[in-house]
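Fold and geometry: a report
Okay, here's what each chain looks like letter by letter:
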Amino acid sequence: MKDIQNIVILTGAGVSAESGVATFRGPDGLWEGHRVEDVATPEAFVRDPDLVQKFYDERRAKLKTVQPNAAHQALAKLDEKWLGDLLLVTQNVDDLHDRAGSQRLLHMHGELNSAWCLACDVRSPFDEVMAAAPACPHCHQPSCLRPDIVWFGEMPYGMERIEHALAQCDLFVSIGTSGAVYPAAGFVQTARHYGARTLEMNLDPSEGSFHFHESRMGKAGALVPDWVEEILRDV
Ligand code: APR
């Protein structure tokens, strides 16, 4: 892998599946019983804030019961050892990459353990129950927090940094994402446009599978550690 300097990795729900976090579109997916429009749009939050807060409170509580798996750990090892540029962009709102130790990490769809205050506009670490209408940790105003999650119809975080990294990368790797949600689903095309090699690792072919130079099908917990060993062999 001597010709590779700069890497961008995109992860989705599949990377956390083996930790016990439900994927979005799997048979036991989170949207079962909840339509996207009822829990993951700004309109839903205006219409029924209690339902939305409880939905994310449940997911935030669940985080305390799960652990990073071999895929998160291998990606953290790659981050530690890789001397070139590296950016791990995750669509996941869990904190499993963080807990595994990844540093060069961007949560493009926000984080469950963060609260966005609609009164003072400050985002603060938060790991409790938002439906209980706690005060903002920053401005102390009550009942003004919303989950710091990028909902459908909202701009993902860090797009400028991501687009810059995609334009500079020699290798783009997508792991555990169905490729159903843009703009993340389009990163493979952007990376290819700038000349990167592209690799996907997923349980089954994603919607944009044909855009990748190479696809490896299987569980992230097995595929990712093998790939990381492979790429670090020459470092
Ligand atoms: N290893 C690898 N891939 C897996 C595994 C596994 N153990 N288990 C499931 N997968 C794959 C599934 O086959 C599927 O293609 O992970 C993918 C998960 O897809 P989605 O559930 O659609 O999740 P994701 O692509 O992250 O969703 C993107 O959609 O609803 C929004 O904002 C939400 O960030 C989310 C975005």
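The structure reproduced in this document is the subject of the present report. All residue numbers refer to positions counted from 1 along the written sequence of the respective chain. Where local features are concerned, this predicted model is filtered to residues with pLDDT of at least 70; where side-chain atom pairs are given and counted, the filter is 80 or more; whole-chain, interface and lining totals use all residues. Think of the side-chain values as coming from all heavy atoms in the structure, minus any hydrogens and water.

Turning to unusual backbone geometry, a few remarks are in order. Residue Tyr182 is joined to Pro183 through a cis peptide bond whose omega torsion reads 10°. With respect to the secondary-structure elements, Pro183 resides in the loop between β7 (171–175) and α8 (187–193). The residue Ala133 is not glycine, and still its phi comes out positive at about 55°. Segments assigned H or I by DSSP are reported as helices when at least four residues long, segments assigned E as strands when at least two residues long, and all are numbered from the N terminus. Turning to its location among the elements, Ala133 is positioned in the loop between β5 (123–125) and β6 (145–149).

Turning our attention to helix α5 (residues 70–81). Taking 1.5 Å per residue, 12 residues should reach 16 Å; α5 reaches 16 Å between its end C-alpha atoms and fits that length. Only protein chains enter the accessibility calculation, which uses a 1.4 Å probe. A residue is then buried if its area is under 20% of the maximum for its type, exposed if over 50%, and partly exposed in between. For α5, every residue scored as buried is listed here: Ala71, His72, Ala74, Leu75, Ala76, Leu78 and Asp79. Any pair of residues with heavy atoms lying within 4.5 Å of one another is described as a contacting pair. Buried positions along α5 lie against β1 (7–11), α1 (14–17), β2 (86–90), α6 (96–100), β7 and α9 (220–232). Between N or O atoms, a polar contact is any pair within 3.5 Å; within protein, one atom must be a potential hydrogen donor and the other a potential acceptor, and residues adjacent in sequence are included only when both atoms are from side chains. At the N-terminal boundary of α5, the capping side chain belongs to Asn69, with an oxygen 2.7 Å from the backbone nitrogen of Ala71. To estimate how far a helix should reach, multiply one less than its number of residues by 1.5 Å.

Moving on to the site of the ligand. Whether a residue is near a molecule or strand depends on its heavy atoms: it is near if one of them lies within 4 Å of it. Lining the immediate environment of the ligand, one finds 22 residues, of which Ala13, Phe24, Arg25, Thr177 and Ser178 sit closest. In this structure, an oxygen atom belonging to the ligand sits 3.2 Å away from a main-chain N or O atom of Gln91. Here the ligand loses 91% of its free accessible area of 740 Å² to cover by the protein chains. For this scheme, ten residues count as nonpolar: Ala, Val, Leu, Ile, Met, Phe, Trp, Tyr, Cys and Pro. Four count as charged, namely Asp, Glu, Lys and Arg, and the remainder, Gly too, count as polar. Within the shell around the ligand, the residues separate by chemical class into eight nonpolar, 10 polar and four charged. Where accessible areas are quoted, they stem from the Shrake-Rupley method and a 1.4 Å probe; at the residue level, only the protein chains shown are allowed to cover.

Time to look at the pattern of salt bridges. Basic side-chain nitrogens of Lys or Arg form a salt bridge, by our definition, when they fall within 4 Å of a carboxyl oxygen of Asp or Glu. Counted by the stated rule, this structure contains 10 salt bridges. Close ionic contact of Arg216 with Glu214 constitutes a salt bridge, the shortest N to O distance being 2.8 Å. Among the charged side chains, a network of salt bridges with common partners joins Glu214, Arg216 and Glu230.

Let us look at the packing of aromatic side chains. Each aromatic ring pair is summarised here by two numbers: the centre-to-centre distance and the angle between the ring planes. Any two of the Phe, Tyr and Trp rings considered here, Trp counted by its six-membered ring, make a pair once their centres fall within 6.5 Å; the pair's planes then place it as stacked at under 30 degrees, edge-to-face at over 60, or tilted in between. Here the structure, examined in full by the defined rule, presents four aromatic pairs. Whether a charge sits over a ring comes down to the Lys NZ or Arg CZ being within 6 Å of the ring centre and within 35 degrees of the ring normal. Note that Arg123 overlies the ring of Trp116, its terminal NZ or CZ placed 4.2 Å from the centroid.

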